[in-house]
Amino acid sequence: MKKLFKFCLFIIAIYLFLYINNHWIVTTEHVYESEKVPESFDGFRITQVSDLHDALFGNQQEKLVKKVEATNPDAIFITGDVIDSNRYNLEQSLQAVRPLVEIADVYYVIGNHEVATNKVQEIYNALKAIGVHVMPNTSTTIEREGEQISIIGIEDPLNGHETQDMLSTALEDVNQENLTVLLAHRPEKFNTYVANNMNLVFSGHAHGGQIRLPFVGGLVAPGQGFLPKYTAGTFEDGETTMNVSRGLGNSTVPFRIFNLPQLVVFELKSK
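Residues numbered from 1 in each chain as written. Predicted model: local features only at pLDDT ≥ 70, side-chain atom pairs only at ≥ 80, totals over all residues. Heavy atoms only, no water.

**Q** Which parts of the structure should I look at to understand the side chain of Ser 40?
**A** By the element assignment, Ser 40 lies in the loop between β1 (26-34) and β2 (45-49). For Ser 40, a relative accessible area of 10% puts it in the buried group. Looking at Ser 40, its side chain comes within polar contact range of the main-chain oxygen of Arg 144, at 3.0 Å. Within the structure, Ser 40 has its side chain in polar contact with the side chain of Glu 147 (distance 2.6 Å). Excluding its chain neighbours within four sequence positions, the residues that come into contact with Ser 40 are Arg 144, Glu 145 and Glu 147. (Helix = DSSP H or I, 4+ residues; strand = E, 2+ residues; numbered from the N terminus. Buried < 20%, exposed > 50% of the residue type's maximum accessible area, 1.4 Å probe, protein only. Polar contact = N/O pair within 3.5 Å; in protein donor to acceptor, adjacent residues only side chain to side chain. Contact = heavy atoms within 4.5 Å.)

**Q** Quick question: what am I supposed to make of the packing of helix α2 (residues 62-70) against helix α3 (residues 90-103) here?
**A** Each pair of packed helices can be described by the angle between their axes along with the distance between the axes. The contact between α2 and α3 brings their axes to 10 Å, and the two run at 20°. Between α2 and α3, the angle falls in the class roughly parallel. Crossing geometry of α2 relative to α3 is assigned as right-handed. On the side of α2, the interface is formed by Leu 64, Val 65, Val 68 and Glu 69, while α3 contributes Ala 96, Pro 99, Leu 100 and Ile 103. Partitioning the contact of α2 with α3 into residue classes produces seven nonpolar, no polar and one charged. (Axes fitted to C-alpha atoms, helices over the stretch in contact; angles between N-to-C directions. Parallel < 35°, antiparallel > 145°, perpendicular 65-115°, else oblique. Left-handed = near helix turned anticlockwise from the far one by under 90°. Nonpolar A, V, L, I, M, F, W, Y, C, P; charged D, E, K, R; others polar.)

**Q** Quick question: what am I supposed to make of helix α6 (residues 163-170) here?
**A** Three- or four-residue spacings in an α-helix give side chains the same orientation, since the helix completes a turn every 3.6 residues. All of the buried residues in α6 are Thr 163, Met 166, Leu 167 and Ala 170. What you see down the axis of α6 is that its buried residues fit within an arc of 100°, all on one side. For α6, the secondary structure elements touched by its buried residues are β6 (138-144), β7 (147-153), β8 (179-183) and α7 (190-195). (Arc of directions from axis to C-beta.)

**Q** Any chance you could explain the packing of aromatic side chains here in plain terms?
**A** For any pair of aromatic rings, the description rests on two quantities: the centre-to-centre distance and the angle between the ring planes. All chains considered together, the criterion is met by nine aromatic pairs. A ring pair is formed by Phe 77 and Tyr 107, whose centres lie 5.9 Å apart and whose planes are at 90°; its orientation type is edge-to-face. A residue pair is termed long-range when its members are at least 10 positions apart, and Phe 77 in strand β3 (residues 75-79) and Tyr 107 in strand β4 (residues 105-109) qualify at 30 residues. Per residue, the accessibility class of Phe 77 equals that of Tyr 107, and both read buried. An angle of 80° between the planes, with centres 5.3 Å apart, marks the rings of Phe 202 and Phe 266 as edge-to-face. (Phe/Tyr/Trp six-rings, centres within 6.5 Å; stacked < 30°, edge-to-face > 60°.)

**Q** Got a minute to help me understand the sheet that holds β7 in this structure?
**A** Paired through backbone hydrogen bonds, the strands of a sheet run either parallel or antiparallel to each other. Taken together, six strands build an open sheet; the order of strands is β6-β7-β8-β9-β15-β14 and the sheet is mixed. With one partner strand each, in any of the chains shown, β6 and β14 (233-237) form the two edges of the open sheet. Strand after strand, the sheet turns through a mean of 20° between neighbouring axes, direction not considered. By the bridge criterion, five bridges tie β14 to strand β15 (residues 240-244) in an arrangement that is antiparallel. Across the sheet, residue Phe 235 finds its bridge partner in β15, namely Met 242. Set on the sheet, α6 makes contact with β6, β7 and β8; between it and β7 the angle comes to about 150°. (Pairing = 2+ DSSP bridges.)

**Q** Help me out: how do you make sense of the packing of α3 against helix α5 (residues 120-129) in this one?
**A** One can describe the packing of α3 onto α5 by two numbers: an axis separation of 11 Å at closest approach and a directional angle of 30°. Pair α3 / α5 crosses with right-handed handedness. Mapping the contact onto sequence places Leu 90, Leu 94 and Val 97 in α3 and Glu 122, Ile 123, Ala 126 and Leu 127 in α5. Classifying every residue of the contact of α3 with α5 gives six nonpolar, no polar and one charged.

**Q** Could you clarify how one ought to interpret the pattern of salt bridges in this entry?
**A** It is possible for side chains bearing opposite charge to pair when their charged atoms get close. This model, assessed by the stated rule, comprises eight salt bridges. The salt bridge partner of Arg 98 is Glu 91, with a shortest N-O separation of 3.0 Å. Put simply, Arg 186 and Asp 156 hold a salt bridge, and the shortest N to O gap is 2.7 Å. Here Asp 156 lies in the loop between β7 and α6 and Arg 186 lies in the loop between β8 and α7, a separation of 30 residues in the sequence. Note on accessibility: Arg 186 and Asp 156 belong to one class, buried. The structure contains a network of salt bridges with shared partners spanning Glu 29, Arg 45, Glu 267 and Lys 269. (Salt bridge = Lys/Arg side-chain N within 4 Å of Asp/Glu carboxyl O.)

Okay, structure coming up:
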């Protein structure tokens, strides 16, 4: 009886450990200070939501929505894989996105999972219908008091196009004097973002390396293999700062270990 009791406690402990690792959303905040940030954008807050993969966070995604709302964003960036190609359920993902549009302007780029469904246009149409700014290899500006920052979005290269080609198309109408903010699903293309002088890049895809170990970091990431370089946090090279979100959901591997689901907030500061 004592052995059975210990075994039951062990199973409960494992369940709680896995539940917390995969459902406890944390928020990581950064400050981005640059001379290219206009004075009217000082204090502008961007919240990044990445790699939802149809994960559920409470009834009607209420836990996720409350977490995003608590970050007090001026803009929300969704950086791909809002759905999962292995269990495509667009309506479930829209339950998370609809209330986000009520909080702030939402900007969106696809990830590899959207491409893998062969339903990209369906996804685009559904998101446009609820007021999301869809960014397929294009750019737009956000204006405040006559000053601007440029928002650029590119699609995932699984669509058969080179990252540089998509970025060149997106940058055609961009004023390079503006702060350039790029939404791009894949962090392993960092060198391309640097070569094009992107200032601030928001990326995901790596799921934090799925399993994270102290002093090691993430163990594996798609497109990067074992012991990948770009799994979480910020990376800088020249004029470019890239943030890699650990994301929220899972896909092929069902569990995160020491890798809590994450929202990322960047507050812009004028230098």
